[in-house]
Every structure is written in structure tokens, then in C-alpha cells.
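Chain and residue survey
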Amino acid sequence: MGVSKTKQPLRKRGGKARSEERRFAFLFVMPALLLVVVFRIVPLIWGFVLSLTDARGVTEGAFIGFDNYAELARDPAFHDSMANTILLIATLPIWIMVPMLLAILIHQGVPGGKFYRAVYFFPATLSSVIVGSIFNVLLRNDGQLNQFLELFGIGAIDWLGNSNTALLSLIAVQLWATFGMSLLIFLAGLSTVPSDMIEAAKLEGASMLQTFWHVIIPTLRPIIEFVAVVTTIGVLTNMFGLIYVLTAGGPGTSTTLPEFLIWIELGRMNRPGYAAAISMVLFVLMAGIAYAQVRIMSRNVNV
Amino acid sequence: MSEFTVGKRQRRLLWGISVPMALIALTCVYPVFFALNNALKSNREYILDRFGIVSEPTFQNFVQAWTRSNLSEYFFNSVVVTVLSVLALIIVSSLAGFALAVLRFPLRKLIFVVILASLMIPVQVVLVPFYKTIIGLGLLNTRAGLILSYTAFFLPFSVYLMTSFYSGLPRELVEAARIDGAKLTQVWWHVMLPMGMPALITLGILNTLYCWNDILISLLVLQDNRTLMVGIAALRGEYTTNVPLLTAGIVLAAAPIVILYLVFQRKIVSGIAVGAVKG
Amino acid sequence: MTIKTTLLTASALGATLTGAAVAQEITVWDWKSGDPAAYGYIDEATRLFEEAHPGVEVNFVMQPNDQYYTLLGTALSSNAGPDVFLLNGGAQAQARFDALADVSDMAEGLLGTEEFSDADGTVYALPITTQGFVVYANKQRYADAGLDPEALPTTWDELSAACEAIIAQGDVPCFSMGNKEGFAAEFFVSALAASMLTAEEHAALKSGELAWSSPKMTAILDAWVETEAAGWYPQGGNSTAKFMDEYETFMRGEAANTIGLLSDVAHWKQFDDFLGAENLGVFRHPAPDASATAGDGGPMMPVAGGIGYGVNRASENIDLARELVATLASAEAIAIFAQDAGILPANPEVDTSAANSPTLTAILGMMDGASAPMAHANVSAGELEDLHRQSQLLLNGENTVQDAVQRLDAAQAAAE
């Protein structure tokens, strides 16, 4: 991240050396390119073709043009999944702020910081099956969270069974399960903030808050961008496991995200063609973010 | 970690902040207690008393998960697949990172963008075609197929990280080696690999996590001879989710990762620091 | 090490990883074979088959139930499916008939084959269990509420009165409830439809001609909302999994009733174990405005051919696969399943008298002339999906029955 050095080409050599360099470069990059093209790009194009058919079950399906997409436009479940996605993306600042704040606090020497740093990463090592099973029990109407809240006189809330709280609960659990990773990235970024800059700010009488705002945050900007992009991809593609275990997409469609809808259409509904159409929409959505990402990332790498 | 002098008032403030942070830390270690507590219960005890602390610990669940539910076989499978996938990822991404960051060749930028863009193609989006590709290549139900799939799916991020890391290395290193008449393969082996070690360790650890915990890709590619996480997921039956059996499986599956994490904790933290930030 | 040696090593490694295939192997997919209660059955069926066919190996692959149909669909559409696979009767089986071989010639004498056959009567899978819904009752809870535990409800009014008394007692809800996946609604709809729909109406629902907005279907959903409003269920039904959270609540004695199964789990055998055989009662779910009655004048009960094994039409060893399915459905193998798991076998030759449960005896006595189709299993997958969703919204009071039936009508129309 944050490459600022300008690129110096390798020293000029003869044409032979340069053609050799070219040859080796292609050889080196080929395995990566081949794998990505064969297992990701080709299936993507194939999926687009599939989305133009009415494939159902084992039958191949005839070409039906963009009918699947027209049906998507009328499918209320799909609309709901899109609305949920937008809500999810709207929570992005929290996904960035929480780990950033914790990282800054640890960096500023909160007592026990080293211990927190070790422990906070722990949930990130667990698979979603594990995380889901645990929160399934904790968040139930008669679960431990409600029992705990009752001590403060707060009545039971059906966290996962109520349309108002289900998606937010899901988001909170996923945040809990992943914040450790972002936190470590922020900590890493903070270690590059020159401490004399902070000292200087101190000497000038800046408060802790001012130091955050004027010194630390600007230095962290590339890290914030990086975490934002990685998190966005994560929440759009990696919440499937949790949804399955915690809410099964309900109540109603309140926790149905596109990736979950794809799964239902493929499985219970047995409609690969229609599922492919949802996939393509999800891909386009992500490609929009990809555009921003590639710009940010390649700017930082200076390729 | 850079510390600087803080006032007494701020010190007290930091202590105050430490309290909620300790609560968060508590939630992070809670799963260990949860899993062990339930794994030691019999199913009957669990049904009758879900929240209480185990009264008659039994290791029956571990035995059953390990033997009858085939977890021992699956465990071996997971280890083989994870280790080889991570090795492949390290080699492929450091080669590609070297080329993309240091060497000059046509279409470099395009290739980099293609690899990065594929980060946006999650497995759900390409489920059916990806599966057909695996079948078409004769890789269904082979470990090699799963290893290639893992390498392909976790590669874009790794390539990005290595490119980023290598582009920050002083290029005099490469220059010097080349003047000594070293071939580029030797430069990679003798210079780039050792120099890239901090970032490679980070990649190794992250990819170990991803491969070990993956369910979806493994479900599709290895349908007969399972990996561990799929075996665990299968313990959630249609009707009978035997929670103690499930948590026993979970403990067995998570143990290696947790141990790995505890052992390499310092390396992970500093590894991510160099890998993700320096560059 | 040069690139070349690296590549050579890699390819050599690749070759050893691919491994060699077994000469003749029949692969079976299901979600049962890893269940401890099914071990004996699977072992016995495998033994019988491998003895009759030396050199052939049976490979049971237990798939995660969550992902079963997605995996199966993906595999079948890529011509890479297993030789034999397990299916739920009704909609799930119907949706896959075009991938299944005709097994009609082996289906003779089995109960519940209609769940696995098309309109022409061609059977595509052999049922191994009979499945159905009854209400199980905790007699102690009835007695606590001042009710006669030996006179369990037989009409809707009696059930309503019983629930009122149980709720008034204040300790437990009338029914335990788990609707996280929408299953509680499935069970409720089928339990009521059994008595409320005539045979013709059941057929019309199956063919998509009886709309959800018809008076009877609307009445069923109305009852769903009214029973919730009357306080029959505990709080948090939408976040409770029916399997097994709902049933565990009942087994702990924390609910007076539950709509349970006849076979596999959540049934007499399991409840006997926890509540004690003498404390467990059973009755058929009454319905308001019943239009069909059983031989004894009481409510009807939904009964269907639970689960069954089918043969992949594209299997390379189709004859062996058929033999295996026959073995899996045979009386010898099923007898062990019946004994271990407490199932009602689809094969009437299986002797169940060894089970020795008063509740089972009561159930067998109640089944005579009381069997009705299982309504939810006969509607399309799209309707079922929407029923799950709408039922949750209704339970939360986030939707009206009017809106719900409109959505369900649309799903019904979309299914052709």
C-alpha cells in the first residue's frame, strides 16, 4: 500500500536482455493468469450465456434473450434482496470506523492493548458455521443476550425473528467475526505514522482528538480506502454461511441477500438460468465497486 | 508501536476506554468456552439444559465425530489440500508479483487489472459454469482439482499483495543480481523469495485460514471424499442437529487453526504490517 | 531449483493426487447416512447388496442437508450426479422426475408411491418411510390446566378451549413453535388442510387451480394469524428452528403440544424417551369448518410417502443402481431402520410390533381411513418458498392475510 516512490525502469541493457526479460515475465505471470482465466473469467462468460436461457433442472434450456432479466425486474424477492444490499452497503462506515477506532486506541497505548490485539483477531479464524452456531444460541428469543438484557429491565427482543432487527443482527455478527482482520491492517498502517509527527503535534498543544483528526487520519487514508474495498467485497460475497445458519433469509425476505437468492433459485427452485441472471446483476454491482477498487489499488501500486 | 507521553487526564481516559474494550475481548474468547462446554455434554443433557455448565462431561461426542462421522479421514484431506494450495498460492503469486512489479513487458497493466477484477467474481456467481469447468477438465472429485480451485479463487488478492510489496523493494537488489549474470529465475529464487518472506508469511497464514474454512468450493469439487469443514457442515442434519456432536466436530476442526494462530500470533500481526502497508 | 524442475515436480505431484477410480462403485447421495439412528439401516442395506453383487462397492455420501438440493441440481445439470439419490416426496421429487429412471415395476405394494409418481402413475423413487403429521401432547400439562388428559381434543372448539385453559394456567404455551425456515407454517397448513379440503380440492391445489385467495385457503392462513393472536405459541417463533429447537422445547416439557412427525425424529419414539410413554398423548390436528372427516368422525391427518431413493437416469450402472434401490426399500433393511429410528415403513411387510409404544399403537389405530394428502408437499417450490416468507411476516404482524394470499397466488400462477 501507499507506494510513493516513482518507478525507475531497469537500467538500459541490450535488446537481447530485454527480450529475455519479456519472455520470463510472461512465463512468471502465466500460471496466475491461466488460473484466473480458466476458473473465473471463463465461467463468468459461460454464466452470462446461461442467464439467457430458461434452463430448469437438468434440461438444457432454450435461448430466451433477456426474459430472465425482465422477470427479475418484477420479482419482489429480488427487489427486497437489492434493498437489503443497499442497507448493507450503507453500514460500511461502521465496518471501517469500529476497527479503526479500536486500532488507534491500542496504538495509543490503552492498558492491555497487546492482549486485545491478540484476542480480537480470534473470531476471524473461525468459520461461519462455528460463528453461526454460537450466535444462533445467543440471539434466540430465550437466548443469553436477552437474559443478560433482562438484568437491566430490558424486555426480550427477538433479534433474528423480527424484520426490523434481523438484518442488523446479522450485520453485527459478521462485523464481530471480521473486525479483527481490519483492525490488524489498521494497526499495521498506524505503525507507519511517524511518531515525531505525533510528538510535534503534542508539543504544539494539540489534544488527543486533534491529533487523531489532523495527523493520524490523513496518514491512514490509503489504509482506509483499502479496508473499505476489501470489506465491501467481503460483505457482498461472504455472508452466505451466516445467513444460512442464523436466519435462512427470513423473516420474510428481510435477510435475503442476492447471493442467498442465487442459492435458493439453484437449489430448491431448481432454476439455473434464472439464478445465473441474478448472478450477473450481482457481478455488475460488484464491478462498479471493482472499478473504484482497481483505480485505488493500482494508484497505490503504481503499476 | 509508537508510544508518546500522555497527560494524567488522558491516561485515566485510556483506562476508562479499556473497560469496554475488555468486554469486546471477552466476547472474542467466549466461543471457546461455548464450544467446549457443549461438546462435553451428552445430547440428552444438552436438550434438558442448554445454557448450564456441563455436569457430567463425556468424550463420547469427540469419539463419535472422529470415527463414525469420518472426520479423521476428512482431517487428513483438509491438511493435504490446505498445505498444497497454500504452497501453490505462494509460488504463483510471488512469481506473478515479481513480474508485475519489477519486470517490463507489454500488456502488463492489462494483466494486472484482469487479475484484480476477478476479485469481484465470487464463487456463487459462477457456481454452475465453474462446476462444469471442473468436470470438463476431469478434475471432479480430485484433490488436484480442489487445490487448483483454491489457488484460482484466492489468487487475485495474493497477487495484489505481492505486487504491492515487491514494487516497494529497492530495485538495486535486482540490478545487482542481474549484473552478476544471474538468470531471472535465479533472481526470483535467490532474491525475490527471501526478500518477500514477510509478505509471503502473511499470505500463507491468511490463505491457510481461507482454505481450511472454505465450504462452498469444497462441496462442489470434492463430492465423495470430503474436507473437514464440509464434514462439520454435514453434521447439521435435516432433522437431528445434534449440537454436542456438532460442537465436538467444531472443536476438532478449529483446534489446529487456533493453535497455529496462537503460535504465529506475533508473526501474523507484523506480517500483515509489512505485507499490507509497506510496499 | 529451476522453473522446469518446479513444473515437473508439480505435474508429478498432480498425477499422484488424482488417484485411480474403483472398478465398480455405486454412489448414493443422501442426508441420512451420517445420522446415528440410520447407521444400522445403511450398514444392513450395504451388506445385503454387496453380498448379492460381489465386486461392487456402495459408497454413501452424506451431503449437508442445507445444501442438498443445490448440490444435487448442480450435479445433475452437469451430468455428474450420483447413481442413486434420496428425495423428499412431493414437490422436491416432482421437480426432478426428468432426471430419474422409471422404477414402477419395483414399487408394488409400497405405501405413499403417489408422492413419487407423475400424473400417469409412473413411479420415480421407492419410498422407504411413511410420513405424516399428528399433534403430540404432554398429558401432565393438560392435567395441570384442569383438563382431562385422556380426552384430548377432537374438534377445533375443543382444541381452542384446551389452549385457552393451558394459557390461563400460565406456565407454558399451548404449542411449541419453530418457524425460522417457515416449517411450522408448512406443518400447520397441511394439518388444517387435511380436514378442510375435499379430495377434489386437494387435487386442485396440486394442479394450481385452487387459488390461495380461495375462501378455504384464506381461512387456513386466517387461523394461523388468529392462533398466534390467541397466544397459542411462545414468543420468538420466527427465530426458532423447528428441528430441533421447537421439539426440544416440547421434550423439556415447556409446551403442552407440538405438531410432530410419524417417522424418523420429532415423533413418538423420541418423545417417549423424554416425557415417558405414559405421559405422551397423541391426536389428529382438528380444523375449523372441517369438510372431510375420518372413519371415526374425527379430523383427517396428512400422510405422505416421506423420503425415497431414486435412480439417476444418466447412471452408467443403471441396473445395479436399481437393484440397490430395491435393497434399500426392502423389508429386511427397513426393519432395522424401523427398530433404530422408529419409522413407519412404507413397506407394509415390515413388522413394527416390536416397538412396543402405546403412542405408536394409538397412531396406528388412528390412521385407518384418516389419511389425507399432505397439502404443502403438493404445491410448487415457488409457492412453498413464499409460504415460508409470508408466514413469518404474518406471525410478526408485518403483513395481512389479504396481501399474503395475493403473493401466494402470484407464485402459483408463475409455476404455470
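The model shown is predicted, which means the values in this text are computed figures rather than measured ones.

This next bit is on the overall build of chain C. Check the secondary structure of chain C and you find 17 helices and 11 strands. Residues counted as buried form 63% of the 416 residues belonging to chain C. In chain C, of all internal contacts separated by at least 6 residues, the share reaching a separation of at least 24 is 75%. By element, 51% of the accessible surface of chain C is carried by carbon and sulfur atoms, the whole surface being about 15000 Å². In chain C, which carries 17 positive and 58 negative side-chain charges, the distance between the mean positions of the two groups comes to 5 Å.

So, on to the state of the cysteines. Residues and elements named next belong to chain C. This model, assessed by the stated rule, comprises one disulfide over all chains. Here Cys 163 is linked by a disulfide to Cys 174, with a sulfur-sulfur distance of 2.0 Å. The sign of the S-S torsion, about -70 degrees, decides the handedness of the disulfide formed by Cys 163 and Cys 174: left-handed. With Cys 163 in helix α6 (residues 156-169) and Cys 174 in the loop between α6 and α7 (183-196), this pair connects stretches of sequence that are 11 residues apart. The exposure class of Cys 163 is buried, given its relative accessible area of 0%.

This part covers the pattern of salt bridges. A side chain of one charge can pair with a side chain of the opposite charge when the charged atoms of the two come close. Counting across every chain of the model gives 15 salt bridges over all chains. Among the salt bridges present, the one from Arg 47 of chain C reaches Glu 51 of chain C, with a minimum N-O distance of 2.8 Å. Pair noted here: Arg 47 of chain C and Glu 51 of chain C are both in helix α2 (residues 39-52), with a separation of four residues, about one helical turn. Relative accessible area serves as the criterion here: at 39%, Arg 47 of chain C is assigned to the partly exposed category. By relative accessible area, which is 53% here, Glu 51 of chain C ends up exposed. Put simply, Asp 144 of chain C and Arg 141 of chain C hold a salt bridge, and the shortest N to O gap is 3.7 Å. Of this pair, Asp 144 of chain C and Arg 141 of chain C both sit in helix α5 (residues 139-144), separated by three residues, roughly a single helical turn. For Arg 141 of chain C, a relative accessible area of 21% puts it in the partly exposed group. The network of salt bridges with common partners includes Glu 71, Glu 265 and Arg 271 of chain A.

Below, the discussion takes up a nonpolar patch on the surface. Together, Ile 45, Phe 48, Val 49 and Phe 66 of chain A give the surface a local cluster of nonpolar side chains, amounting to about 400 Å² of exposed area. The residue Phe 48 of chain A is located in helix α1 (residues 15-50) in this model.

Moving on, we come to the interface of chain A and chain B. Counting residues at the interface gives 99 residues for chain A and 110 residues for chain B. Here chain A is connected to chain B by zero salt bridges. Viewed at the interface, chain B and chain A are joined by 11 residue pairs in polar contact (both at pLDDT 80 or more). Ranked by residues supplied to the side of chain A that touches chain B, first place goes to α1 of chain A with 22 residues. When grouped by side-chain class, the residues that make up the side of chain A that touches chain B number 67 nonpolar, 18 polar and 14 charged.

Below, the discussion takes up the confidence of the model for chain B. Per-residue confidence for chain B averages 82 on the pLDDT scale, and 90% of its residues sit at or above 70. Within chain B, the lowest mean pLDDT, 74, falls on helix α8 (residues 172-179) of chain B, and the highest, 93, falls on helix α4 (residues 71-102) of chain B.

On to the packing of aromatic side chains. Counted under the stated rule, the structure contains 41 aromatic pairs over all chains. Seen from their ring centres, Phe 26 of chain A and Phe 105 of chain B are 5.3 Å apart, and the 70 degrees between their planes marks the pair as edge-to-face. You can see Phe 26 of chain A sitting in helix α1 and its partner Phe 105 of chain B sitting in the loop between α4 and α5 (108-117), one on each of two chains. Owing to a relative accessible area of 27%, Phe 26 of chain A belongs among the partly exposed residues under this scheme. For Phe 105 of chain B, a relative accessible area of 7% gives the class buried. Plain terms: the ring middles of Phe 148 of chain A and Phe 152 of chain A are 5.3 Å apart, the flat faces sit at 75 degrees to each other, and that makes the pair edge-to-face.

Before going further, it helps to examine the domain arrangement of chain C. Residue and element names in this part refer to chain C. Split into domains, chain C comes out as domain 1 (23-127 + 307-345) and domain 2 (132-303 + 364-414). When each unit is reduced to the centre of its C-alpha atoms, the spacing between domain 1 and domain 2 is 29 Å. With 15 residues of domain 1 in contact, the opposing surface of domain 2 contributes 12 residues. The contact between domain 1 and domain 2 buries some 1000 Å² in all, and 48% of this surface belongs to carbon and sulfur atoms. Contact with domain 2 buries area across many residues of domain 1, yet Ala 91, Gly 342 and Leu 344 alone supply 44% of it, more than any other trio.

Before going further, it helps to spend a moment on helix α12 (residues 258-266) of chain A. In terms of residue burial, α12 of chain A counts as a mostly covered element, since nine of its nine residues are buried. Every buried residue of α12 of chain A is listed here: Pro 258, Glu 259, Phe 260, Leu 261, Ile 262, Trp 263, Ile 264, Glu 265 and Leu 266 of chain A.

The next thing to look at is the interface of chain C and chain A. Counting from both sides, the interface comprises 31 residues of chain C and, opposite them, 33 residues of chain A. Across the chain C to chain A interface the summed buried area is about 2700 Å²; carbon plus sulfur atoms make up 52%. A per-residue breakdown of the area chain C buries against chain A is headed by Thr 70, Lys 180 and Arg 389 of chain C, which together make up 21% of the total. At the junction of chain C with chain A, the criterion picks out one salt bridge. The shortest N-O distance in the salt bridge between Asp 245 of chain C and Arg 140 of chain A comes to 2.9 Å. Taken together, the elements giving at least two residues each to the side of chain C that touches chain A come down to α3 (68-77) and α16 (381-395) of chain C.

Calculation criteria
Residues numbered from 1 in each chain as written. Chains lettered and ligands numbered in written order. Predicted model: local features only at pLDDT ≥ 70, side-chain atom pairs only at ≥ 80, totals over all residues. Heavy atoms only, no water. Helix = DSSP H or I, 4+ residues; strand = E, 2+ residues; numbered from the N terminus. Buried < 20%, exposed > 50% of the residue type's maximum accessible area, 1.4 Å probe, protein only. Contact = heavy atoms within 4.5 Å. Areas by Shrake-Rupley, 256 points an atom, 1.4 Å probe, with all protein chains shown as cover. Lys, Arg positive; Asp, Glu negative; His and termini not counted. Charge placed at Lys NZ, Arg CZ, Asp CG, Glu CD. Disulfide = S-S within 2.5 Å. Salt bridge = Lys/Arg side-chain N within 4 Å of Asp/Glu carboxyl O. Patch = residues over 30% accessible without salt bridge, like charges linked within 9 Å, V, L, I, M, F, W, Y side chains within 5 Å. Polar contact = N/O pair within 3.5 Å; in protein donor to acceptor, adjacent residues only side chain to side chain. Nonpolar A, V, L, I, M, F, W, Y, C, P; charged D, E, K, R; others polar. pLDDT = per-residue confidence, 0-100. Phe/Tyr/Trp six-rings, centres within 6.5 Å; stacked < 30°, edge-to-face > 60°. Domains from an automatic or database assignment. Buried area = accessible area lost by both parts, 1.4 Å probe.

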